[in-house]
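Observations on the model geometry
Residue-level listing of the chains:
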Amino acid sequence: METPAIVVEDLTIGWGDFILMRNVNFEIPAGDTFVILGGSGCGKSSLLYHLIGLQPPKAGRIHIEGVGIPDIMQAHRPGYGVMFQSGALFGSMTLLENVSLPLRKWTDLPLPAIRAVAEARLELVALGGFENHLPAEISGGMKKRAAIARALALEPSLLFLDEPSAGLDPVSAVELDDLLLTLNESLGVTIVLVTHELESIFKIGKRCVMLDKEAQGIIARGDPRELRDTSTDPTVRRFFNREPRAN
Amino acid sequence: MNPTDPSRAITIVADAGGAELRVSGRVTLAAGREFWRLLQAHLEDPHRDYRVDLTEVETLDGACAAMLLELKSEVVGAGGSVEFSGASPDVGRLLGVYTPRDEVAPKPPPQRAGIFHQLGTATVQAFTRVGDVFAFIGDFCVSLGHAIRSPRSVNWADVGHLMERAGADGVPIVVLINFLVGVILAYLAAGEFAKYGADIFVANLVGIGMARELGPLMTAIIVCGRSGAAFAAELGTMKVSEEIDALRTLGQDPVRFLVLPRMLALILMVPILTLLGDIVGCVGGLLIAMGELDLTSTAYLNQLQGAVGLWDVGGGLIKSVVFAIAITAISCQRGLATRGGAAGVGSSTTSAVVTILFALVALDTVFSILFAALGI
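For clarity, every value in this text was computed on a predicted model and none was experimentally measured.

1. Here's the deal with helix H6 (residues 171-195) of chain B
All names here are of chain B.
- Under the 1.5 Å per step criterion, the end-to-end length of H6 is 37 Å for 25 residues, consistent within 8% with the ideal 36 Å.
- The largest bend in H6 is about 25°, located at Ala189.
- Regarding H6, the residues found buried are Val174, Asn178, Val181, Gly182, Leu185, Ala186, Ala189 and Ala190.
- In this structure, the buried residues of H6 make contact with helix H7 (202-240) and helix H9 (254-292).
- Positive backbone phi, at 65°, marks Gly197, one or two positions downstream of H6.

Laid out in structure tokens, this is it:
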């Protein structure tokens, strides 16, 4: 049986006496496109930050491809890439330098090979010809694509994305969704994304978990299209049908 | 995956003529350096026509596909050709994904400017910045006029908090630095004055030196490092995160809303810090006079009282007000002129601190000349 890409066991997230979510359990199979969704403030981004090891859990364990998160952070280069909501490109570096940075840090490739790989990553996200542009010189959608190119630099098998289509026009958003599908279907990259853009969820999400602030954890899981059509949970129905809360 | 496993290592075998290449093994980023070296060695003549057999490639990842396609493009660019054959469906799909499509004309890489170009640019920028500061002072005067006519439009709520940050929070470092400056001055004077039996005049040097020059200047330098840098960074960050634009759309004048409270806070606090600095500097001198020159505290304080006049202290305080205006004007102007992202904020902060330090010394020189001309 293939090792799941991510296993989350009894995860509790909180700070001090405050508990955001408790005893959360789920698995993400390798090769999946997995969506973490829920209303504002339910802890989607916090969960993502725990999955990528930037915040320690209050309790519980997270395993990525069979290895515990603290071990991954302490040992070698992470086998996953991360795209932050703003793109988080380094403003003083060109796109090529941004994408080359992890290759220079973690590989022993000679500079011409690093350049070739970085150019190919930018080409993959349709940014060929923009290698020498600074982040300030490109649009928001291009920044997000460049951030994906940087996240892909080290050939990760797992890609985390925080609100990838937030703030993008519909065309750019759909192009980004297509790109994520290509990465998943052609390159076999497991994709974990946090979003509440319904169109993206239905287009690329094979599986999802829905978080809820009041329940302090997961209130629904499964295929997002099935949840939309069959769930009887009022919170889930409100979310997928864009209905306001009852007063 | 173990790239050193001989059964999986990358090999490239060429036929006798060198035009038929057979790649085998696990071709992944972990062994990317070796793959790049082997490829370069076998595709050394870019004018030839090569056939690359990929039948025995166990795995190919994106990074190595990119390298393969890069060297193919070099060969094709030089007039040769590279033809791939025998690729498995996975390898073929990967090569397809990474094959370059039509692209926009690339922007040339940034050129490093020559020394004369840099010198010329820096000179023009220096004059432009001086002009910007004066233009900003003009804007500030206009905003001040509006603020006087409509005091409710000023963000008074921030003034107290800014006074605390710029004034009260800076007391420990101002006290420490000025105390040490007083000690240094006293040591300097003690050695020389003792030779002429003029020990008591240590009080004159320390008192007048602190009140007229070093108290205001050292305090202003500390305020520049603490508050000037903070103002530039804070306003710069607000500029790059569009908060300044948001203020404008809300009908708020950024100068009146952000700069005026800072200016008021520094105008009120820098003279107080300067006075405090003058006093602790004299205390530092007193300790050295008592310890090194065996002067009594009464003798030192009597001499200090006679030597330091009202204009010595007053002149220093007038300077401190002007220094406060210069620190706020330059730091806020630099902050509001920030462009770009994090690098722009860093650049503005550095520029603000350097310009303020230069302005403080230049203003101090002007004051020295002016006071001398007025006989103060």
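2. Section: the sheet that holds strand S3 (residues 49-60) of chain B
Residues and elements named next belong to chain B.
- With mixed pairing, the four strands of this open sheet are ordered in space as S1-S2-S3-S4. Among the strands making up the open sheet, the edge pair consists of strand S1 (11-14) and strand S4 (81-85). In this sheet, neighbouring strand axes are inclined to one another by 20° on average, regardless of whether the strands run parallel or antiparallel.
- By the bridge criterion, four bridges tie S1 to strand S2 (residues 20-27) in an arrangement that is antiparallel. Among the inter-strand pairings, Ile12 is bridged to a residue of S2, identified as Val23.
- Against the sheet, helix H2 (residues 62-77) makes contact with S2, S3 and S4, and its axis sits at roughly 145° relative to S4, the strand it touches most.

3. As for the sheet that holds strand S4 (residues 59-64) of chain A
Residues and elements named next belong to chain A.
- Read across the sheet, four strands follow the order S2-S1-S4-S5 without closing on themselves; strand pairing throughout is antiparallel. Two strands lie at the open edges of the sheet, namely strand S2 (18-28) and strand S5 (67-68), each paired on one side alone.
- In this structure, S4 lies alongside S5, joined through two bridges in antiparallel fashion. When the bridges of S5 are listed, Ile64 appears paired with Val67.
- Helix H1 (residues 44-51) contacts strand S1 (6-15), S2 and S4 of the sheet and is inclined by roughly 120° relative to S1.

4. Quick look at the environment of Gly340 of chain B
- Tracing the backbone shows Gly340 of chain B in the loop between helix H11 (310-336) and helix H12 (342-374).
- C-alpha of Gly340 of chain B to C-alpha of Lys239 of chain B: the two residues are 101 residues apart in sequence and 9.2 Å apart in space.

5. Notes on the nonpolar core
- One finds Val117 and Leu122 of chain A together with Met67 of chain B to be the most contacted residues of the largest nonpolar core, which totals 104 residues.
- Excluding residues within four positions of it along the chain, Met67 of chain B makes contact with Ala113, Ala116 and Val117 of chain A together with Gly32, Phe35, Trp36 and Leu39 of chain B.
- In terms of nonpolar packing, the next biggest core, distinct from the first, is built from 59 residues, Ala186, Cys224, Ala229 and Phe323 of chain B among them.

6. Examining unusual backbone geometry
Residues and elements named next belong to chain A.
- Even without being a glycine, Ala88 presents a positive backbone phi close to 55°.
- Tracing the backbone shows Ala88 in the loop between strand S6 (80-83) and helix H3 (95-106).
- Ala88 gets classed as partly exposed once you count the C-beta atoms within 10 Å, which come to 16.
- Its identity as a non-glycine residue notwithstanding, Glu155 has a phi of 60°, on the positive side.
- As for its placement among the helices and strands, Glu155 is situated in the loop between helix H5 (140-151) and strand S7 (158-162).
- A count of 21 C-beta atoms within 10 Å places Glu155 in the buried class.

7. What about the packing of H7 of chain B against H12 of chain B?
All names here are of chain B.
- Look at H7 against H12: their axes get within 8 Å of each other, and the N-to-C directions meet at 150°. As far as their axial angle goes, H12 and H7 are roughly antiparallel. Considering the relative orientation of H7 and H12, their crossing is right-handed. Note on element contacts: H12 touches H7 through Gly344, Val345, Ser348, Thr349, Ala352, Val353, Ile356, Leu357, Leu360 and Asp364, opposite Leu217, Ala220, Ile221, Cys224, Gly225, Gly228, Ala229, Ala232, Ala233, Gly236, Thr237 and Val240.
- Split by residue class, the contact of H7 with H12 holds 14 nonpolar, seven polar and one charged.

8. Some details on the pairing of strand S3 (residues 33-38) of chain A
All names here are of chain A.
- The buried fraction of S3 amounts to six of the six residues, a majority that puts the element mostly inside the structure.
- Along S3, one buried face is formed by Thr33, Val35 and Leu37 and the opposite face, lined by Phe34, Ile36 and Gly38, is buried too.
- Across five bridges, S3 lies against strand S9 (residues 207-212) in parallel orientation. What sits directly across from Val35, in S9, is Cys208.

9. Some thoughts on the interface of chain A and chain B
- Taken together, the 23 residues of chain A in the interface contact 28 residues of chain B.
- With six residues, the top contributor of residues to the side of chain A that touches chain B is helix H4 (residues 111-124) of chain A.
- Per-class residue counts for the side of chain A that touches chain B are 10 nonpolar, nine polar and four charged.

Conventions and cut-offs
Residues numbered from 1 in each chain as written. Chains lettered and ligands numbered in written order. Predicted model: local features only at pLDDT ≥ 70, side-chain atom pairs only at ≥ 80, totals over all residues. Helix = DSSP H or I, 4+ residues; strand = E, 2+ residues; numbered from the N terminus. Expected span 1.5 Å × (residues − 1). Bend = angle between axes of the 7 residues up to and from the residue. Buried ≥ 20, exposed ≤ 12 C-beta atoms within 10 Å, placed from the backbone. Contact = placed C-beta atoms within 7 Å. Pairing = 2+ DSSP bridges. Axes fitted to C-alpha atoms, helices over the stretch in contact; angles between N-to-C directions. Core = buried A, V, L, I, M, F, W, Y, C linked by C-beta atoms within 7 Å. Parallel < 35°, antiparallel > 145°, perpendicular 65-115°, else oblique. Left-handed = near helix turned anticlockwise from the far one by under 90°. Nonpolar A, V, L, I, M, F, W, Y, C, P; charged D, E, K, R; others polar.

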